[in-house]
Each structure stands twice: as structure tokens, then as C-alpha cells.
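What follows is the residue order along each chain.
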Amino acid sequence: MTVITRFPPSPTGFMHIGNARTALFNYLYARAKGGKFVIRIEDTDRARHSEEAVEVIFNALEWMGLDYDNTPQSQYENRARHAEIAHALLAAGKAYKCYCSPEELEKMREQSKSEGRAVAYNNYWRDRDESEAPKGVQPVIRIKSPLEGESIVDDVVQGKVRVDNKQLDDFIILRSDGVPTYMLAVVVDDHDMDVTHVIRGDDHLNNTFRQNVIYDAMGWKKPIYAHCPLIHGADGSKFSKRHGSVSIEDYKNMGFLPEALNNYLLRLGWGHKDEEIIPMERALEIFDIKGISKAASKFDFKKLESLNAHYLNAADNDRLVDLISPFLKEKHNIIISEEGLTRLQAGMDGIKERAKTLIDLAAESRIYLVDAPFPYDEGAQKHLTPAAKTILKEILTELKALNDFNHEDIEHKCRNIAQIKADGKLGNVMMPFRAALAGTDKSPALFEAAEIIGKPEVIKRLEHAIAYIGTSASH
RNA sequence: GUCCCGUUCGUCUAGGGGUCUAGGACACCGCCCUUUCACGGCGGCAACACGGGUUCAAAUCCCGUACGGGACGCCA
């Protein structure tokens, strides 16, 4: 049997992190088993549908690197097929027309709730003759659910889950305007697409019992179900917008790498022994539904960050240059020049191991991209004191004298200055030097950085820092 | 309210009757390294929700309680 999994997002305008994880699990399972991974857009709700919202989904999938096998289907396009099944069920006496108005249904809901009953609809039209139908009312079609006994869903993650059939109502499969409901559409589409495994959030577990009513009525083979626990926010409830960033786009914009997010999502609610760093290639080898845990998990930003730091460090330098360009432009108004690019490539190893996100990386890379004069931030200003001015002048003189501008000689000079002019404390030399070169008090290893920046520009930056202290010393 | 599901360090998890004085990772706290921050190295803190069973033996199996979550739409 060829495994076929599917990802059926509804176009909400963003890719929720929980949906992304579901997509990941489906993708991995299909690929790990040599099967197929297919996409279906659940767009039967026309009021909410928009092309842009669909785009967002595909962009997210592409960014995550989840490729799929079929031409993505539109559920809405299949509505004629869904309606056909609804009418077949009607003709077979397994479904019936219901003429109740929304107001009547609302009343029933209130009443059943007050009586402590599970099911809202009271099966009013289940055995009623159509001759009693009110004039001018377009009916919905409801399916007949079993009245007695119990139903069982044998779930790969949840185990055997049973429910009393009294909990199941005669739910609507075709709306009064002839548009199929989600419940009908998923079943028909999953069947038509030969889906073998349904891996989804456990907020669908209860729906499964209803969907199975349709499978049974049609005599269709049911797929294997795997209901994964949801991702929660820090407060323990379903991860939603009020918890902060929930969409894939948000994480991309915060400077996370797709491989880091994938690894994090994979480990959230799934585990394999002690393994933490699990790139996709590895995931393909070891992923199995059996590793999915039954309990919901909370999203931990710090852990994501640490994973991101790992993948950032492992990433190719040219790729990183490309990835930080948009951040440099947006946040620092920097366009990488040819000279800057050369320096950045030389210095990338030194900064990527320090960064947690692409935003960090972009900020750190500025030391290689800016030309003096540039402003000094608060941290830099603390070190650009009158006392530091003497030191900087000394550095300037010594470095100017260097013919071969390499980091060993630069270090040698700085250590000398520390001995003679700064009570032997290298920090007293380095911090002003750092402020002068970086414009801030944080930077990669300075001797190497200075070598990469090159003598002319280092001299220029030192001169500007000295001039800056001259003008700001009075206040 | 009704039904369903869950509960191992702060967080993600390993564990599937004895090898558990419960392992790893992130976070946190020390120390070392050191030119800031970070990285790295070493060490530390810290959990089987509770109560009953079953068993020679339970984190692991069963029941109950508590707490948490989810579902109850002509949304998906």
C-alpha cells in the first residue's frame, strides 16, 4: 500500500505554526514511507476566501521546503462531486432534508444545553414527511447518525477512543444554498484522493466520529487516523495570536532559518531518544507517527533561538549574506557594496557563531559594511572618554606604522600599548578600539576584524573617534 | 453544561514492570577561558499531579480525584 498523506489548509491569510507542524508531520511520514504528500485547499467557505490567502500558504510551504506531489486541489472546485454524494445519500434514505430555520435551531441548542443533553438538533425532520415542509424554504441535507450503540476510532496516537452514539447528531452535509459542508467535503475528497493516513490536530478528534458516519453510509474504507495534540502558548491554551507570533511569516521575519524552525517544530510533540539536532535528512530516516506524544506542548521561544543559533553557525556564508541583505536594508538602511561584500565574506565565520537570528547577524555584520564617519551608540560612547583619547591616539600612531596589516601584529601593538599606557590592562585598550571600529560595544574578535576591515578604513575610523571625543568632551 | 483527551525537571522530551538513587536538550545558577557580548569547557539546581489498587516489583498496568486542554456552527 502506498502511503498518501495530505495537508488541507483553509486559507485564513496566514500559516499558523500548528498547521505548519501538521504539514511537516504529513510530509515527513509520506516521504519517510516512500509515499505521496498532497495538498488540498479547504476553501468551501466563500466568504473568507481570497487568492492572496492561498498564496501565503504556498509561500510558507516553499520556505519550509515541503514539496508536494499533486497539483493542489481546491475543495470548492469539487463541490459538484460533494453534492452528488449528498444526493446519493438522500436517495438511499441515509440522509434527509431538514427545513428548520436558524432561529429554530438556536432554540433547540438552548434547550438541549439546559437539559444537559449533548446533541442540539432534535431530529425533527428525520422521519417527517416532506409534505409537511414549509413553503419557500430551501432545506439543508442532514445525514442520519446511528441512534444507539457506540462508535470507536482506533487512533495511532490516541489509541482506541470510544463515544456513545447518542453524542452524535444528524449533522448537515449540504447547506441550503447547495454548498457542501466541511464534514462532507473532507470525507469525499480524502476518499477520492486515496488518502491513507490522516494526520491532524486533535481538535478534529471529535469530528472523526461524524466523518466516519459518512464513510459508513457510503461503504468506504476509512483512513488511518493520527490525532496530534495541539501546540499551546505559555498559558497553556491553544496557541493563538494573543500569545504573540503564531505565523510562519512572523518567524521568517524575526530572522529564523527554515531548517531551525522545522527542527524545533518536529521536536515539539515528537521525540526520538536523545536526539535534538535533527535536520530534514535525518528526520526522513527516523520519523514515525509512533513518536508523537499524547500531551499538548508549550511553545518555547528560547529553545527555538538556540536551535537557530546552531543552524546559523552551520549555514553557508554566501547564503547568509543573501539572507541578511533584506534585514540590512530595512533595519540599517545598508546596501552591501562590493568592498563591503569582500569584508563580510571574510568576517562571516567570526560573526555567525555569535548570532542567534538573522537580525543579530545583520547587526553584527555592520562593522564590515559601514564607512566612517558613523554614529556611536550608547555603549560605544561609554568607552569614548577623554582618557580613551590618549589610547586611541597611541593605537593610531602604532597602526599607521604597520606595513603588513595583519592580526598578529595588530594584537602585538595593542598589547604593548596596554603594558605601557593602560596599567597592563588590555581591556582598557580594546574597548575604546572596539567602539571606534564598530560604533558599539559588541563586535567579533577585534584583531581579526581590524585586519579584514583593512588599514585605510581602520585609520579613518580611529581618526573620527578621536575627533568625536574632542567635540564631545565638554559635555 | 455534555462528551473526548491529557498530566515525568520552569520548558521540550527519553522511558513502554525490575538496568531509574529517572537520562538528554533549552532556560537558569556557579567556575574556567577571555579583548566586551557571545561561543566553548566543567559543574550545579530541578520532575514521575494526588489517592487507591494489581504485582515479589510500578514513572511504566487498572480505577478514582484534582487540575489543564479540546470539541460541541448552514466555520474549517
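The structure this text deals with has already been given above.
Quick summary incoming for the structure in this document. From a predicted model like this one, the values you see are computed outputs, not experimental measurements.

## Remarks on helix 5 (residues 182-192)
No. 1: In terms of residue burial, helix 5 counts as a mostly covered element, since 8 of its 11 residues are buried.
No. 2: Check the buried side of helix 5 and you find it contacts strand 1 (4-7), strand 2 (36-41), helix 3 (79-91), strand 8 (172-174), strand 9 (197-201) and helix 6 (205-218).
No. 3: Note on helix 5: the residue one or two positions beyond its end, D194, has a positive phi of about 60 degrees.

## A few points about a negative patch on the surface
No. 1: Negative charge collects at one region of the surface, where D404, E408, E448 and E451 lie side by side.
No. 2: Locating E448 in the fold gives a position in helix 18 (residues 446-453).
No. 3: A residue is classified by how much of its surface remains accessible, and E448, at 35% relative accessible area, is partly exposed.

## Some details on the sheet that holds strand 5 (residues 140-143)
No. 1: Read across the sheet, 3 strands follow the order 4-5-8 without closing on themselves; strand pairing throughout is antiparallel. Since the sheet does not close on itself, it has two edges, and those belong to strand 4 (95-98) and strand 8, each with one partner. Between one strand and the next, the sheet's axes are offset by a mean angle of 45 degrees, whatever the strand orientation.
No. 2: As paired elements, strand 5 and strand 8 share 2 bridges and run antiparallel to each other. Bridging across to strand 8, I141 finds its partner in L174.
No. 3: Packing of helix 3 onto the sheet brings it into contact with strand 4, strand 5 and strand 8, and relative to strand 8 it is tilted by some 120 degrees.

## Quick word on the packing of helix 3 against helix 5
No. 1: With their axes 10 Å apart at the nearest point, helix 3 and helix 5 run at an angle of 105 degrees to one another. With respect to helix 5, the element helix 3 is oriented roughly perpendicular. Facing helix 3, whose interface residues are R81, H82, I85 and A86, helix 5 presents L184, A185, V188, D189, H191 and D192.

## What to know about the protein's contact with RNA strand B
No. 1: Taken together, 61 residues sit near RNA strand B, with R175, G269, K294, R354 and F447 positioned nearest.
No. 2: Taken together, the sugar and phosphate atoms account for 69% of what RNA strand B places within 4 Å of the protein.
No. 3: In the environment of RNA strand B, a sugar or linking oxygen lies 3.3 Å from a nitrogen or oxygen atom belonging to the side chain of Q158.
No. 4: A per-element tally of the surface near RNA strand B places helix 17 (residues 426-438) first, with 4 residues.

## What about the environment of R109?
No. 1: Residue position: R109 is located in helix 4 (residues 102-114).
No. 2: Separated by 12 residues in sequence, R109 and Y121 have C-alpha atoms that sit 7.0 Å apart.

Rules used in this analysis
- Within each chain, residues carry numbers counting from 1 in the order of the written sequence.
- As a convention, the first chain written is A and the first ligand written is 1, with the rest following in written order.
- Side-chain atom pairs in this predicted model are given and counted only at pLDDT of 80 or more, local residue features only at pLDDT of at least 70, and totals for whole chains, interfaces and linings cover all residues.
- Hydrogens and waters are ignored; side-chain quantities use all the structure's heavy atoms.
- Each residue's exposure class comes from its accessible area (1.4 Å probe, protein chains only) as a fraction of the maximum for that residue type: buried when under 20%, exposed when over 50%, partly exposed otherwise.
- Helix and strand definitions here come from DSSP, where helices need a minimum of 4 consecutive H or I residues and strands a minimum of 2 consecutive E residues; each element is numbered from the N-terminal end.
- Whether two residues are in contact is decided by their heavy atoms: any pair within 4.5 Å suffices.
- In this scheme, patches are assembled from residues that exceed 30% relative accessible area and form no salt bridge. Like charges are connected within 9 Å, while nonpolar side chains (Val, Leu, Ile, Met, Phe, Trp, Tyr) are connected within 5 Å.
- In this description, accessible areas are obtained by the Shrake-Rupley approach with a 1.4 Å probe, and a residue is regarded as covered only by the protein chains that are shown.
- When a carboxyl oxygen of Asp or Glu lies within 4 Å of a side-chain nitrogen of Lys or Arg, that pair is called a salt bridge.
- A residue counts as positive if it is Lys or Arg and as negative if it is Asp or Glu; His and the chain ends are not included.
- Every charge is mapped onto a representative atom, which is NZ of Lys, CZ of Arg, CG of Asp or CD of Glu.
- Strand pairing follows a simple DSSP-based rule, namely that at least 2 bridges must link the two strands.
- Interaxial angles span 0 to 180 degrees and are taken between N-to-C directions of axes, which are lines fitted to C-alpha atoms, for helices over the stretch in contact.
- Under this scheme an angle from 65 to 115 degrees is roughly perpendicular, one under 35 degrees roughly parallel, and one over 145 degrees roughly antiparallel; angles in between are oblique.
- One heavy atom within 4 Å of a molecule or strand is enough for the residue carrying it to be called near that molecule or strand.
- Distance and chemistry together define a polar contact, namely a pair of N or O atoms within 3.5 Å, with one atom able to donate a hydrogen and the other to accept it when in protein, and with adjacent residues in sequence counting only for side-chain atoms on both sides.

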